[in-house]
Amino acid sequence: MLIQLTDIKKVFNQGKPNEFWAIQGVSLEFEPNRVSCLKGASGSGKTTLLSMIGCLSRPTSGRIQLGERLISSLPERFLTDVRRHTFGFIFQRFNLIPGLSVLENIMLPAYPLGLPYKRLVATAQHLLHQFNLSTKADNPVEWLSGGEAQRVAICRALINDPQILIADEPTANLDSKLSYEFMGLIDELRQTGKTILITSHDPEVFDSAVVDRVVEMHDGVVLDSSLKDVT
Amino acid sequence: MMWLFLRKQKYLIDFTLSSLLRRKGKSLGLLAVYILIVFMLASVTLFTHALRKEAGLMLQASPEIIVQRMQAGRHALIPADYLQRIGRLRGVTQKEGRLWGYYYDPAVKANYTIMTAGQVAAPLTEIIIGTGIARARGLAVGDYLTLRSQNGEAFSFEIAALLDEKSELVSADLLLMSPQAFRRLFNVPEGVYTDLVLSVRNPREVRKVAEKLTLQLPDTRPILREEVLRTYDSVFSWRQGILFVLLTGSILAFVIFAWDKASGLSAEERREIGILKAVGWETADVMRMKFWEGMIISLSAFMIGYLAAYAHVFYASASLFEPVLKGWAVLYPQFRLTPFVDGLQLATLLFFTVLPYIVATIIPIWRTSITDPDAVMR
């Protein structure tokens, strides 16, 4: 599913003394079934841009199109529907809910769909098996290591079988070994037909062979958005 | 479709319960304060309502009209010939004179209510007493109780029987003796009574009979049963009001506590809502989840508080509130009120305790959940 951004602008605290233009007229296209990485220093606007693509926030102006569908002007109810069925999110600090077990955290996005419990558990367990976490199903998430927590976050992102996976600074809390492992998982997911968008300022991510395209951002504008194999 | 909806609600309730368990200390603290407030409010309303009900039941057997003679604005003894002067008023089925009064017992610093009864076997030496007096004086059947007359003369009475414990609410301080003994003890001459009582066949004619009495005996005042009942009612309402005023402080403290808890979402709660929205929960799902949370806390508190209040009032004689609600009697009755729950009263209490909490919880959640998940998580 093609993602098209046209002249996207995002301003925080508009009209106030602390007004801040996070994104200043970005136009981009993300092709389906590719791994794209938004690269840039902290505050460059990559996370803001990704959150608008993932319907976690709305642009101040501009158009975001998902395939044939214009999503930037959808009301909240429809945005949730798009978010639920199209996107899976892996957050920088994983954002797992403490106190819940690994299995419960993974099933969380599927609760509002009202699927039968057995089916839900079977899907979650299949994902746990796929990511070598079967033995951790009943553990509270606080007991997990950084790498395990991230794999749980990936399982959670995949529970509703989204077409697009969004990962915000996924290796920021991981060491090099785990970062390589993560990129290996991303490669496997790409091979299953997923479109993957990653933000990172970690060379182990944007220099990885798994990444097809790097979009470099600075102060809310795109500096470079070339395909890696072309550059 | 229905199954889908029910399953969704089940997942939301499961998640809500686990959320409450995750914040065990905070949830239990809130629940405890909430239970206490419901317990206090429910105790007051249940108790005063049951007392009113009890008074109503008790007065059902009492005469429709009491006639008292007034002298200089005070209640005076009424001559027996007033019974003849009343004559044959239409509608009056029965008329008789009563003797009753109060006796202060310095030994226990309590007032006894003394009435006359015909069921005493030995009229001048036997009495029947209420269980409150028996407890206060350590008396049992066969023991003797000495009472002093107005001129200081001592009279000893044998306890022939104790009044039934079931009627203790009204009979704890009651002492029954023969009319002869009463007249001797209080120096009341023959031919006068404390008051007269009339029974009226048709309840709709009571006021008419009272009007005729006032015309026929201008120095008397008729007291209607419904007036006595109204007086009881206003006395209980007044005491209930006093107690509510006393409770206002704690109710306000609870409101502030609940408001603070409800309106000031913690950073952790805001982040959790942001995560839920980000992973695909709708605003309505989050609201439903929080609605269930409010329902679980407030309904549990309501049920536990109400049941505790029920046990407190009907099985423990409302021991916490009796000094305020029962008045000045020294001989507190140990009684069991007839359990009585009024639907409207229950609904009112539910409305004022559960609804405000749910609303106070839902509004800030709604405010948070309509914000973009990205902004909430930041």
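Starting afresh in each chain, residues are numbered from 1 along the sequence in its written order. Here chains are named by letter from A upward and ligands by number from 1 upward, in the order in which they appear as written. Predicted model: local features are reported for residues with pLDDT of at least 70 only, side-chain atom pairs are reported and counted for 80 or more only, and whole-chain, interface and lining totals are derived from all residues. Only hydrogens and water are set aside when side-chain values are computed; all heavy atoms of the structure are taken into account.

Section: the overall build of chain A
Here is step 1 of the chain: A run of H or I in DSSP becomes a helix once it reaches four residues, and a run of E becomes a strand once it reaches two; helices and strands are each numbered from the N terminus. Looking only at helices and strands, chain A has 7 helices and 10 strands in total.
Here is step 2 of the chain: Looking at the 231 residues of chain A, the share that counts as buried comes to 54%.
Here is step 3 of the chain: Sequence separation of 24 or more characterises 67% of the internal contacts of chain A that already satisfy a separation of 6 or more. Per-residue accessibility, obtained with a 1.4 Å probe over protein chains only, is compared with the maximum for each type, and a residue is labelled buried under 20%, exposed over 50%, and partly exposed between these values. Residue contacts are defined here by distance: any two heavy atoms, one from each residue, within 4.5 Å place the two residues in contact.

A closer look at the environment of L2 of chain A
Residue and element names in this part refer to chain A.
Here is step 1 of the chain: Residue placement: L2 occurs in the segment before β1 (3-12).
Here is step 2 of the chain: Here the alpha-carbon distance between L2 and T195, two residues 193 residues apart in the chain, equals 9.2 Å.
Here is step 3 of the chain: Excluding anything up to four places from it in sequence, L2 contacts E29, F30, E31, P32, Q65, L66 and G67.

Re the interface of chain A and chain B
Here is step 1 of the chain: At the junction of the two partners, chain A supplies 31 residues and chain B supplies 24 residues.
Here is step 2 of the chain: Here chain A and chain B share an interface that buries about 2500 Å² over both sides, 59% of which is from carbon and sulfur atoms.
Here is step 3 of the chain: Two parts placed together each lose some accessible area; with a 1.4 Å probe, that loss summed over both constitutes the buried area. When the buried surface of chain A facing chain B is broken down by residue, L56, Y111 and P112 of chain A rank first, second and third, together holding 20% of it.
Here is step 4 of the chain: One speaks of a salt bridge when a side-chain nitrogen belonging to Lys or Arg is within 4 Å of a carboxyl oxygen belonging to Asp or Glu. On inspection of chain A and its partner chain B, the count reaches 2 salt bridges.
Here is step 5 of the chain: A salt bridge links E282 of chain B to R84 of chain A, with the shortest nitrogen-to-oxygen separation between them at 3.7 Å.
Here is step 6 of the chain: Residue assignment for the side of chain A that touches chain B shows that the elements contributing at least two residues are α1 (46-53), α2 (76-86) and α4 (117-130) of chain A.
Here is step 7 of the chain: No other element matches the 5 residues that α2 of chain A contributes to the side of chain A that touches chain B.

Thoughts on the sheet that holds β1 of chain A
Residues and elements named next belong to chain A.
Here is step 1 of the chain: Ordered in space as β2-β1-β4-β5, the 4 strands form an open sheet in which the pairing is antiparallel. The open sheet is flanked by β2 (20-30) and β5 (69-70), the only strands paired with a single partner.
Here is step 2 of the chain: Bridge count between strand β4 (residues 61-66) and β5: 2 bridges; the pairing is antiparallel. Along β5, the bridge assignment pairs L66 with R69.
Here is step 3 of the chain: Lying over the sheet, α1 contacts β1, β2 and β4, oriented at roughly 120 degrees with respect to β1. A pair of strands is considered paired only if DSSP assigns at least 2 bridges between the two. Here the axes come from fitting lines to C-alpha atoms, over the contacting stretch only for helices, and the angles between their N-to-C directions go from 0 to 180 degrees.

Focus on the pattern of salt bridges
Proximity of charged atoms lets side chains of opposite charge pair with each other.
Residue and element names in this part refer to chain B.
Here is step 1 of the chain: One pass over the full model with this rule turns up 23 salt bridges over all chains.
Here is step 2 of the chain: Between R69 and D219 there is a salt bridge, with its nearest N and O atoms 3.3 Å apart. Highlighted residues: R69 in strand β1 (residues 65-71) and D219 in the loop between α7 (206-216) and β13 (220-224), separated in sequence by 150 residues.
Here is step 3 of the chain: Through salt bridges with shared partners, a single ionic network connects R22, R23, K26, E268, E269 and E272.

Here we look at the side chain of S72 of chain A
Residues and elements named next belong to chain A.
Here is step 1 of the chain: Locating S72 in the fold gives a position in the loop between β5 and α2.
Here is step 2 of the chain: For S72, a relative accessible area of 15% puts it in the buried group.
Here is step 3 of the chain: At a separation of 3.0 Å, a polar atom in the side chain of S72 contacts the main-chain amide nitrogen of I64.
Here is step 4 of the chain: Excluding its chain neighbours within four sequence positions, the residues that come into contact with S72 are P59, G62, R63 and I64. Think of a polar contact as two N or O atoms within 3.5 Å of one another; within protein, one of them needs to be a possible hydrogen donor and the other a possible acceptor, and neighboring residues in sequence only count if both atoms come from side chains.

Notes on helix α10 (residues 283-315) of chain B
Here is step 1 of the chain: Between the first and last residue of a helix there are one fewer steps than residues, each counted as 1.5 Å, and that sum is the expected span. Taking 1.5 Å per residue, 33 residues should reach 48 Å; α10 of chain B reaches 46 Å between its end C-alpha atoms and fits that length.
Here is step 2 of the chain: Of the residues flanking the end of α10 of chain B, it is S317 of chain B, one or two places downstream, whose phi is positive at about 55 degrees.

Focus: helix α6 (residues 179-186) of chain B
Residues and elements named next belong to chain B.
Here is step 1 of the chain: Within α6 the residues assigned to the buried category are A181, F182, R183, L185 and F186.
Here is step 2 of the chain: The elements touched by buried residues of α6 are β5 (100-105), β6 (110-116), β8 (144-148), β9 (154-162), β10 (174-177) and β11 (192-193).
Here is step 3 of the chain: Positive backbone phi, approximately 60 degrees, marks N187, located one or two places after α6.

What about the packing of aromatic side chains?
Here is step 1 of the chain: Here the aromatic set is Phe, Tyr and Trp, taking the six-membered ring for Trp, and pairing holds for ring centres within 6.5 Å; pairs whose planes are under 30 degrees apart are stacked, those over 60 apart are edge-to-face, and all others are tilted. For the coordinates displayed, the defined rule picks out 13 aromatic pairs over all chains.
Here is step 2 of the chain: Judged by centre distance (5.0 Å) and plane angle (20 degrees), the ring pair of Y111 of chain A and Y11 of chain B falls under stacked. Separated into two different chains, Y111 of chain A in the loop between α3 (102-107) and α4 and Y11 of chain B in helix α1 (residues 2-22) make up a pair that spans both.
Here is step 3 of the chain: Note on Y11 of chain B: relative accessible area 2%, which makes it buried.
Here is step 4 of the chain: Between the aromatic rings of Y117 of chain A and Y11 of chain B, the centroid separation amounts to 6.3 Å while the plane-to-plane angle is 40 degrees, which identifies the pairing as tilted.

Side note on the packing of helix α5 (residues 146-158) of chain A against helix α6 (residues 176-191) of chain A
Residue and element names in this part refer to chain A.
Here is step 1 of the chain: Relative orientation of the contacting elements α5 and α6 amounts to 20 degrees, with a least axis distance of 11 Å. On the basis of the axis angle, α5 is roughly parallel to α6. In this structure, α5 crosses over α6, and the sense of that crossing is right-handed. Here G147, Q150, R151, I154 and L158 of α5 lie close against α6, whose contacting residues are L178, F182, L185 and L189.
Here is step 2 of the chain: Here the contact of α5 with α6 is composed, by residue class, of 6 nonpolar, 2 polar and 1 charged. Our angle categories are set so that under 35 degrees counts as roughly parallel, over 145 as roughly antiparallel, 65 to 115 as roughly perpendicular, and the remainder as oblique. Take the far helix as your reference; a near helix turned counterclockwise from it by less than a right angle gives a left-handed crossing, and one turned clockwise gives a right-handed crossing. Residue polarity is assigned by list, with Asp, Glu, Lys and Arg as charged and Ala, Val, Leu, Ile, Met, Phe, Trp, Tyr, Cys and Pro as nonpolar; anything else, Gly included, falls into the polar class.

Thoughts on the packing of helix α9 (residues 267-278) of chain B against helix α12 (residues 343-369) of chain B
Two numbers describe a pair of packed helices, the interaxial angle and the distance between the axes.
Residues and elements named next belong to chain B.
Here is step 1 of the chain: At a minimum axis separation of 10 Å, α9 and α12 run at an interaxial angle of 50 degrees. By the angle between their directions, the pair α9 and α12 is classed as oblique. Between α9 and α12 lies a crossing whose hand is right-handed. In this structure, α9 uses R270, I273 and K277 to contact α12, whose residues at the interface are I365, T368 and S369.
Here is step 2 of the chain: Each residue belonging to the contact of α9 with α12 can be placed in one class, and the counts come to 2 nonpolar, 2 polar and 2 charged.

Notes on the sheet that holds β10 of chain B
Residue and element names in this part refer to chain B.
Here is step 1 of the chain: Spatial ordering of the open sheet is given by β5-β6-β10-β7-β9-β8, a layout of 6 strands whose pairing is mixed. Edge positions in the sheet fall to β5 and β8, since each has one partner strand and no second. For this sheet, the mean angle separating the axes of adjacent strands, direction not counted, is 40 degrees.
Here is step 2 of the chain: The pairing of strand β7 (residues 126-129) with β9 spans 4 bridges and is parallel. By the bridge assignment, E126 is partnered in β9 with E158.
Here is step 3 of the chain: Contacting β5, β6, β8, β9 and β10, α6 runs over the sheet at an angle of about 135 degrees to β6.

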